Amino acid sequence: MAWPLVNLTVTFFFLIFLLFQSCLSISLPLLLPPPHPRARPAMVLPLFPSPKNTSTTFPDSSHRLLRSDSNSSHPYARMRLYDNLLSRGYYSTRLWIGTPPQRFALIVDTGSTVTYVPCAMCEKCGTHQDPKFQPELSGTYQPVKCNLDCNCDKDRDQCIYERQYAEMSVTSGILAEDVISFGNLSELSPQRIVFGCETEETGELYRQHADGIIGLGRGDLSIVDQLAEKGVISDSFSLCYGGMDVGGGAMVLGGISAPSDMIFSYSDPVRSPYYNIDLKEMHVAGKKLDLDPSVFDRKFGTVLDSGTTFAYFPEAVFEAFKDTIMKELNSLKQISGAVPSYNDTCFSGISSDVSQLSKTFPTIELVFENQQKLLLTPENYLFRHSKVQGAYCLGIFQNGMDPTTLLGGIIVRNTLVTYDRKDSKIGFWKTNCSELWERLHVTSAPSPSPSPFPSPSPSPSPSPSPSSSSGKENSTFEMPPISAPEESPIYALIGEIEIGEISLDLALNVNHSYLKPRLVMLLEFMAKELGVNGSQVHLLNFTSEGNISFIKWSIVPSGSATYISNTTAINIISRLAEHRVMLPDDFGNYQLVQWEVKPPSKQTWWQRQYLVVLLGIMMFIIAGLIASGIWLWSRRRQAQIPYQPVDGAAREHELQPLQS
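Procedures and definitions
- Residues numbered from 1 in each chain as written.
- Predicted model: local features only at pLDDT ≥ 70, side-chain atom pairs only at ≥ 80, totals over all residues.
- Heavy atoms only, no water.
- Disulfide = S-S within 2.5 Å.
- Buried < 20%, exposed > 50% of the residue type's maximum accessible area, 1.4 Å probe, protein only.
- Patch = residues over 30% accessible without salt bridge, like charges linked within 9 Å, V, L, I, M, F, W, Y side chains within 5 Å.
- Areas by Shrake-Rupley, 256 points an atom, 1.4 Å probe, with all protein chains shown as cover.
- Salt bridge = Lys/Arg side-chain N within 4 Å of Asp/Glu carboxyl O.
- Helix = DSSP H or I, 4+ residues; strand = E, 2+ residues; numbered from the N terminus.
- Core = buried A, V, L, I, M, F, W, Y, C linked by side-chain atoms within 4.5 Å.
- Domains from an automatic or database assignment.
- Contact = heavy atoms within 4.5 Å.
- Expected span 1.5 Å × (residues − 1).
- Arc of directions from axis to C-beta.
- Polar contact = N/O pair within 3.5 Å; in protein donor to acceptor, adjacent residues only side chain to side chain.
- Pairing = 2+ DSSP bridges.
- Axes fitted to C-alpha atoms, helices over the stretch in contact; angles between N-to-C directions.

J.: Just to check I follow, could you spell out the state of the cysteines for this structure?
T.: A disulfide bridge is the covalent bond that connects two cysteines by way of their sulfur atoms. Evaluation of the coordinates by the stated rule reveals 6 disulfides. For Cys122, the disulfide goes to Cys125, at an S-S distance of 1.9 Å. In this structure the cystine formed by Cys122 and Cys125 twists about its S-S bond by roughly 90°; its chirality is therefore right-handed. Residue Cys122 is classed as buried on the basis of its relative accessible area, which comes to 2%.

J.: What is the right way to look at a nonpolar patch on the surface in this model?
T.: On the surface, a nonpolar cluster with roughly 280 Å² of combined accessible area is contributed by Ile622, Ile626 and Ile630. Structurally, the position occupied by Ile626 is in helix H10 (residues 610-639).

J.: Before we go on, may I ask you to explain the nonpolar core in this structure?
T.: Within soluble globular proteins, side chains that are nonpolar generally end up buried alongside one another. Counting residues in each nonpolar core, the largest one holds 90 residues, and the members touching the most others are Phe182, Leu216, Leu253, Phe321, Phe361 and Phe428. With 5 residues, the top contributor of residues to this core is helix H4 (residues 315-328). Two domains each provide a minimum of three residues to this core, namely domain 1 (77-233) and domain 2 (263-440). Apart from the residues within four sequence positions on either side, Phe361 is in contact with Leu329, Leu332, Phe347, Ile350, Pro378, Tyr381, Leu382 and Tyr392. Counting residues in each nonpolar core, the second largest holds 34 residues, with Val510, Leu515, Ile573 and Ala577 among its members.

J.: So what exactly am I meant to see when it comes to helix H7 (residues 519-530) here?
T.: Think of an α-helix as turning once every 3.6 residues; residues three or four places apart then point the same way. Under the 1.5 Å per step criterion, the end-to-end length of H7 is 16 Å for 12 residues, consistent within 8% with the ideal 16 Å. Of the positions making up H7, those classed as buried are Leu519, Leu522, Leu523, Glu524, Phe525, Met526, Ala527, Glu529 and Leu530. Of the residues flanking the end of H7, it is Gly531, one or two places downstream, whose phi is positive at about 70°.

J.: Can you help me understand helix H3 (residues 223-230) in this one?
T.: Buried residues of H3: Ile223, Val224, Gln226 and Leu227, and no others. Along the long axis of H3, the arc covered by the buried residues comes to 165°, so they all point the same way. Two or three places before Val224, at the start of H3, stands the capping residue Ser222, its side-chain oxygen 3.2 Å from that residue's backbone nitrogen. Of the residues trailing H3, Gly231 is marked for its positive phi of about 80°.

J.: Before we go on, may I ask you to explain the sheet that holds strand E26 (residues 405-407) in this structure?
T.: For sheets, the rule is that strands pair by backbone hydrogen bonds, running either parallel or antiparallel. The strand order across the open sheet built from 5 strands is E14-E17-E26-E18-E25, with neighbouring strands paired in mixed fashion. Taken across any chain shown, the strands that pair with only one partner, and hence form the sheet edges, are strand E14 (276-277) and strand E25 (396-398). On top of the sheet, H4 reaches strand E18 (311-313) and E25; it is set at about 135° to E25, its chief contact.

J.: Please explain the sheet that holds strand E24 (residues 392-394) as it appears in this structure.
T.: Sheet architecture is open: 4 strands sit in the order E19-E20-E24-E23, paired in antiparallel fashion. Two strands close off the open sheet at either side, each with one partner strand: strand E19 (333-335) and strand E23 (382-384). Each neighbouring strand pair of the sheet contributes to a mean axis angle of 35°, computed without reference to strand direction. Two elements, E19 and strand E20 (residues 346-348), share 3 bridges in a ladder whose sense is antiparallel. The partner of Gln334 across the bridge, within E20, is Phe347.

Spatial relationships are all this shows, so hold off on functional conclusions.
Written as C-alpha cells, this is what we have:
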C-alpha cells in the first residue's frame, strides 16, 4: 500500500524537472583553467642579442596637441600601434599593400631597413596573423628587375634581399614594388614603395604572430628613406609606446612640431647604421654610477631600437647598475623569475598598482652630452612577473660580451620619441601614449575616402532591434577599401543600447578534425583573454570549409545581470577585431568575420512570473501529497481492524481489572 506514495513522489520530481526544462535554456559553463604564464617572446633585432618585457599618466602633458611640423608643408601618416611588450615582445602597425589592398600586421623595427611580408609562393613561411600577400590579385604589383643597384637571383632576372638577425632568424625573398596605404587617418596618400616579397623565413620569424616587419632604419630600402626621397614626407618619424598595463600607442611617418619641453640628444648618422644617442652618464636614485663616459660609446655606441624588448648594457655598466639598485631595494624580498633559464632578478610583495611603483623603486636618469636628462620611471625598466601577483622583474640585462649599449622598447614606454633624421637628433617627451593616439585621432583626421567596396562592418543601430555588422557569412577576411583604408573602429556602437548577447563568428586556419576535440579548450582561452566568466560563453555552431574552421559563439551577461554594458561589449569586439586576443599557437591565426549584438529578450508574463507560478505549483503538489498520504494512512488503519457480525462468535479475551 506504500507504492502509491512512492509513485506520487517520483511524479512530483519529474514535474519539477519538466518545469525547469521549459522555463530555462540550460548550457554548461566553461570551467576556466588556472592562469597560464605567457612565455617570454624572442625579438628580431639585426646584429644584436635577441631580447625579452610595463600605465602612468603625466598630467602636465596630457592636454597638448601635436600638429604637423610648422616648418614643413609635407603631410604625414598617422598610424595606430597595436600589441604590447608583455604579451608579444613588440609593437606592430597595419599597412595595406596592393590594389585592391591586402592588410598586414608588421613589427615596428627601427633596427631594420627592409619592409617585408610573406608572399603566396612562400612554402617555407610560418602561419601568421593575416593571409599571405598574393601578387596576382594586385593590379599594381611589379617585381623589381635585376639591375646594378641590387643583388640578383641566379637567373639574373629579379632583385632579391636577405636579412639575418641576431638570434639567427633569416628572411629572404624578392624585391617588388606596389602601392602601400597607411589608413584613412593618414594625411599621406597611398604611395608606390619597394618592399620584400618573402619566399623563406626561419627561426623566430617563422614562429611570430605578426606577418612581417616594417623597416624604419637608415638605408635605401627603408620605408622612411623611400618616402623622404620622394619628397612626400619630411625626413622624420615618431613612435609612442603605451605603458605597462595599456599597450598600443601611435606612430607618425613625417615631421611633427616638437613640444617645447621635449629633450634632445645628438644622433650621429655616421657613427653607426643604427639610431644612436650621445649618452654620457647614468644616475640611479640620484646617485651617479662610477663609470668612464667612454663605456657608452664602444662598438655601435648607445643604440635605440624599437624592435628590442628590453635594455642590454655592457658588463661594466650592468654590474654598476645592478649593485646600486640592489642596495636601494635591499628591503624587498627577492624571488625567482617565471622562467628559471632566464635568471631574472625579481622582487615580490609590491603593490599591483603601477602608479604606486615609484614609492618602492627608484628613478633612473640618462644624461646626454648636452646635460639634458631623460627620466626613467619604474615602468621604464620593470616588467610584471607572470606567475606571482605583486611581483616585478628588472628589464635590464647584461649584453653578453658585446660592448654596445642597447636600449629597447621598455625604456621608452609612455614616451614620445621623435627621430629627426634631417637635423640628426632624437627627441624624448614623457606623455601618456594611449591618450596621445586619441589626440592624434581627433585633431585633424581627414574624411574617409570614398570606396567602391562595401564597409566591412557598419556600426550597429541604436534601436532595440538586433544590431549587426554586415559581411558575407563564412567569409574569412574583410576586403578593405581601394584607397587609404578606413582605420577608425568598425565596432563602434552608436548611442547607449542594452545588450543581452554578443554573437561572434570566428574563422581559424586550423583543420576541423584537429579543432573539434579542442573546442572547449579554445573557448576557455577566449573567455580568459576577454575577461569574462566561462559560464558566459556558449558555443552556437561549428563548421568548416577546407582547412578553415568557422566557430559561432556568444557571450551573455554574467550571473544575475540582465545586459552587457556598451563599454564591455566594445572592449570584447575590439580585442578580437584588432587581434589582441592571445591564443596558443596550436589554434593558428583567427579572424573576426562577423559580430552581432542583440538586445535582452523580451520576457513573457510566464517567464517573468515563472518562479512564483512554480512555487505555487510546488505548494499545491506538496499539499496534495500530504492529503493523499493522510487518506492512505487512514484507509490502512481501517483495513487492519477485522469486521465482526453481531451474532458472530467472539474470541475470549483476558479480563483486565477495572481501574478505580
